[in-house]
Amino acid sequence: MQGSVDASADPFSEIRLRALSATRGANYWSRKPVTRLDLVVGAFDDISSEMSEGFTDRLVTALPGLEEHRCSIGERGGFITRLNRGTYAPHIIEHVALELQTLVGHRVGYGRSRGGDAEGEYTVIFEHVHEATGLRAAALALDIVQQAFAGSLSTIDHAVAELRGIAETPDVPRVTPHVLCGVTGGSARAELRTEIARRHGDESALIIDVSPAYILQAGLPYAASDVAVVIDADLTDVPERYQDEERAARLVSVLADALPRRGLLIAPAKLWEVQDYARDEGCSVAVFSGRNDVTGRDRARARSAAWVDDGHVVVEHRGRVVSREPLHDDVSPAAQAAAALAVRALQPNP
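What counts, and at which threshold
Residues numbered from 1 in each chain as written. Predicted model: local features only at pLDDT ≥ 70, side-chain atom pairs only at ≥ 80, totals over all residues. Heavy atoms only, no water. Helix = DSSP H or I, 4+ residues; strand = E, 2+ residues; numbered from the N terminus. Buried < 20%, exposed > 50% of the residue type's maximum accessible area, 1.4 Å probe, protein only. Contact = heavy atoms within 4.5 Å. Areas by Shrake-Rupley, 256 points an atom, 1.4 Å probe, with all protein chains shown as cover. Lys, Arg positive; Asp, Glu negative; His and termini not counted. Charge placed at Lys NZ, Arg CZ, Asp CG, Glu CD. Phe/Tyr/Trp six-rings, centres within 6.5 Å; stacked < 30°, edge-to-face > 60°. Lys NZ or Arg CZ within 6 Å of the ring centre and 35° of its normal. Pairing = 2+ DSSP bridges. Right-handed = clockwise from strand over helix to strand, strands pointing away. Axes fitted to C-alpha atoms, helices over the stretch in contact; angles between N-to-C directions. Parallel < 35°, antiparallel > 145°, perpendicular 65-115°, else oblique. Left-handed = near helix turned anticlockwise from the far one by under 90°. Nonpolar A, V, L, I, M, F, W, Y, C, P; charged D, E, K, R; others polar. Disulfide = S-S within 2.5 Å.

**Observations regarding the overall build of the chain**
Phase 1 of the analysis: Counting its regular elements, the chain contains 12 helices and 12 strands.
Phase 2 of the analysis: Principal axes of the C-alpha set define a box for the chain whose edges measure 75 × 40 × 35 Å.
Phase 3 of the analysis: Looking at the chain as a whole, 53% of its 350 residues are labelled buried.
Phase 4 of the analysis: When contacts within the chain are restricted to residue pairs at least 6 apart in sequence, those whose partners lie at least 24 apart make up 63%.
Phase 5 of the analysis: If you sum the accessible surface of the chain, you get close to 15,500 Å²; carbon and sulfur atoms cover 47% of it.
Phase 6 of the analysis: Averaged over its 37 positive side-chain charges, the chain has a centre that lies 8 Å from the centre of its 50 negative ones.

Pasting the structure below:
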């Protein structure tokens, strides 16, 4: 579609910031720290760069480094091609925020723009190397794109000068803790954490229960773990769009990003999306079930398995039963099976 933006579509009132945050540690989008901004774009849900006369020229004149952005086209000038063909405010803000950081000497390149929880809402993610710089770059990028749509953009020198000053300040400490075991899922996390600690014999052991909502908003609160356990992917504490099967599996799989290569992720039987993600990341997989229904497909992917049979928790390692212990009544069978695998993995010679 060709033409100019309707004068009634004011970018300063239509494109609005709903939320802004920094996500540290491994997170839903990346292993790297990212800045997240949630936007409402109003009428600009239907107004692209190509529809706003002079938009691309104004933006590229102010930020000539955008020529280096390959974007999804995969070659130098790719983002400019996207601008000329027509792309939308969230995607443009993402690239401007990255370019602003590049102009102060930060090597960043990762970004994503995705639909939000309702029509006209978007989530924009981009990499940062200095948290305060990333957060301010988000707000400045929004302002620059609003000016470009309004026809009032001339220079970004003030924005770059401000970011340089921020970039010279001390950054927040990186997420560095190393824990024995991380636990997540939609239910029974606290029960599972308590059961692992009881079996491990040290109630003060660093076994961390992380809710999916926390992972989504802030990333993992630790940098590395020896073992990770996903109790399930039936999520209720996150927005509806993250509850669908694919996104929920990706969200709980973030625990695998903190494991060392060949580290162990313990996941429910038949939750193959999570198992596949862990294997693709170079992790080993163990599976569990609160019933006797571990499938051949599960066993083919897993080095260990645990299930409940005739009132007992049975643990199998590399095809051989290595333990069989009575089930107790005060903890769910699934939590007992998962905990048995976790504690065995945490032993010096499992």
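There's plenty left to go through after this.
**Focus on helix H3 (residues 78-85)**
Phase 1 of the analysis: Along H3, the positions that sit buried rather than exposed are Gly78, Phe79, Ile80 and Leu83.
Phase 2 of the analysis: Packed against the buried residues of H3 are helix H2 (55-62) and helix H4 (89-103).
Phase 3 of the analysis: Downstream of H3 by one or two residues, glycine 86 has phi in the positive range, about 115°.

**Structural notes on the packing of aromatic side chains**
Phase 1 of the analysis: Taken as a whole and judged by the stated rule, the model has four aromatic pairs.
Phase 2 of the analysis: Counting every residue linked through ring pairs, the aromatic cluster contains Tyr28, Trp29 and Tyr242.
Phase 3 of the analysis: Just above the ring of tryptophan 272 sits the side chain of arginine 297; from NZ or CZ to the centre is 3.8 Å.
Phase 4 of the analysis: It is arginine 299 that lies over the ring of tryptophan 307; its NZ or CZ is 4.8 Å from the centre.

**Examining the pairing of strand S5 (residues 178-184)**
Phase 1 of the analysis: Burial of S5 is extensive: five of the seven residues sit out of reach of the surface.
Phase 2 of the analysis: As paired strands, S5 and strand S7 (residues 224-230) are joined by six bridges and run parallel to one another. Residue pairing for S7: threonine 184 is matched across the bridge by valine 230.
Phase 3 of the analysis: Each parallel crossover has a hand, and the one from S5 via helix H7 (residues 189-200) to strand S6 (residues 207-209) is right-handed.

**As for the sheet that holds strand S11 (residues 312-317)**
Phase 1 of the analysis: If you walk across this open sheet you meet the eight strands as S6-S5-S7-S8-S9-S10-S11-S12, and the pairing is mixed. A strand with exactly one partner marks an edge of an open sheet, and here the two such strands are S6 and strand S12 (320-326). The average undirected angle you get between the axes of adjacent strands in this sheet is 20°.
Phase 2 of the analysis: Of the pairings in the sheet, the one linking S11 to S12 comprises six bridges and is antiparallel in character. By the bridge assignment, valine 313 is partnered in S12 with glutamate 325.
Phase 3 of the analysis: Set on the sheet, helix H10 (residues 272-280) makes contact with S7, strand S8 (264-268) and strand S9 (284-288); between it and S8 the angle comes to about 170°.

**Let's talk about the environment of valine 183**
Phase 1 of the analysis: Within the secondary structure, valine 183 is located in strand S5.
Phase 2 of the analysis: Accessibility expressed as a relative area gives 0% for valine 183, which makes it buried.
Phase 3 of the analysis: For valine 183 and glutamate 281, which are 98 residues apart along the polypeptide, the C-alpha to C-alpha distance reads 18 Å.
Phase 4 of the analysis: Excluding residues within four positions of it along the chain, valine 183 makes contact with Arg189, Leu192, Ile196, Ile207, Ile208, Asp209, Val210, Val229 and Leu255.

**Some details on the packing of H2 against H3**
For any two helices packed against each other, one specifies the inter-axial angle together with the distance between the axes.
Phase 1 of the analysis: As a packed pair, H2 and H3 sit with axes 9 Å apart at the nearest point and diverge in direction by 155°. Between H2 and H3, the interaxial angle falls into the category roughly antiparallel. The way H2 lies across H3 gives a crossing that is right-handed. Contacts from Phe55, Thr56, Leu59 and Val60 in H2 reach Ile80, Leu83 and Asn84 in H3.
Phase 2 of the analysis: Looking at side-chain class alone, the contact of H2 with H3 contains five nonpolar, two polar and no charged residues.

**Brief notes about the sheet that holds strand S3 (residues 111-115)**
Phase 1 of the analysis: Ordered by their spatial adjacency, four strands build an open sheet running S1-S2-S4-S3, and the pairing between neighbours is antiparallel. Edge positions in the sheet fall to strand S1 (16-23) and S3, since each has one partner strand and no second. The sheet shows a mean angle of 15° between the axes of neighbouring strands, taken without regard to direction.
Phase 2 of the analysis: Both strand S2 (residues 34-40) and strand S4 (residues 121-127) contribute to a ladder of seven bridges, which runs antiparallel. Note on S4: the bridge partner recorded for aspartate 38 is threonine 123.
Phase 3 of the analysis: Against the sheet, H4 makes contact with S2, S3 and S4, and its axis sits at roughly 20° relative to S4, the strand it touches most.
Phase 4 of the analysis: Contacting S1, S2 and S4, helix H5 (residues 131-150) runs over the sheet at an angle of about 165° to S1.

**Brief notes about the state of the cysteines**
Phase 1 of the analysis: Under the defined criterion, the tally for this structure stands at zero disulfides.
Phase 2 of the analysis: Not part of a disulfide, cysteine 283 finds its nearest cysteine sulfur in cysteine 181, a span of 13 Å.

**Focus on the side chain of glutamate 121**
Phase 1 of the analysis: On the secondary structure map, glutamate 121 appears in strand S4.
Phase 2 of the analysis: Judged by its relative accessible area of 19%, glutamate 121 falls in the buried class.
Phase 3 of the analysis: The residues contacting glutamate 121, other than those within four sequence positions of it, are Arg18, Leu39, Val40, Gly115 and Gly116.

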